[in-house]
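Notes for the structure review
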Amino acid sequence: MCLVLTVIASLITSICYAAKLFAHKKGDKAMLSVSLMFWSAALMFCFVGFTDMMSGKPFLELTIKDAAIGAVVIIAGIGMYFYLRMRNKG
């Protein structure tokens, strides 16, 4: 579930970054950084899924614990976005 949540967050932030880049010809560096963070987290969870598969477990775990981990990653990414935006404004 954390893989699914981080891929969704990655897609949303990538689309938002691309829309701002094409609309204003200037991208949001904070959005780009958070997008790359989400993509790297998704890649990490993908590797975890492959190692789970090799040990006989399912690739995707749809549990509450796994969803909570994904939510923590998304909340940390949103917090990092606002931190980067405030740091660049000051």
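For the structure, check the block above.
Residues numbered from 1 in each chain as written. Predicted model: local features only at pLDDT ≥ 70, side-chain atom pairs only at ≥ 80, totals over all residues. Heavy atoms only, no water.

Comments concerning the packing of aromatic side chains
One pass over the structure, following the stated rule, counts two aromatic pairs. A centroid spacing of 5.2 Å and a plane angle of 50° characterise the contact between Phe-50 and Phe-59, whose relative ring orientation is tilted. Residue Phe-50 is classed as partly exposed on the basis of its relative accessible area, which comes to 38%. Taking the centre distance of 5.5 Å and the plane angle of 65° together, the rings of Tyr-81 and Phe-82 count as edge-to-face. According to the relative accessible area criterion, Tyr-81 is buried, its value standing at 18%. (Phe/Tyr/Trp six-rings, centres within 6.5 Å; stacked < 30°, edge-to-face > 60°. Buried < 20%, exposed > 50% of the residue type's maximum accessible area, 1.4 Å probe, protein only.)

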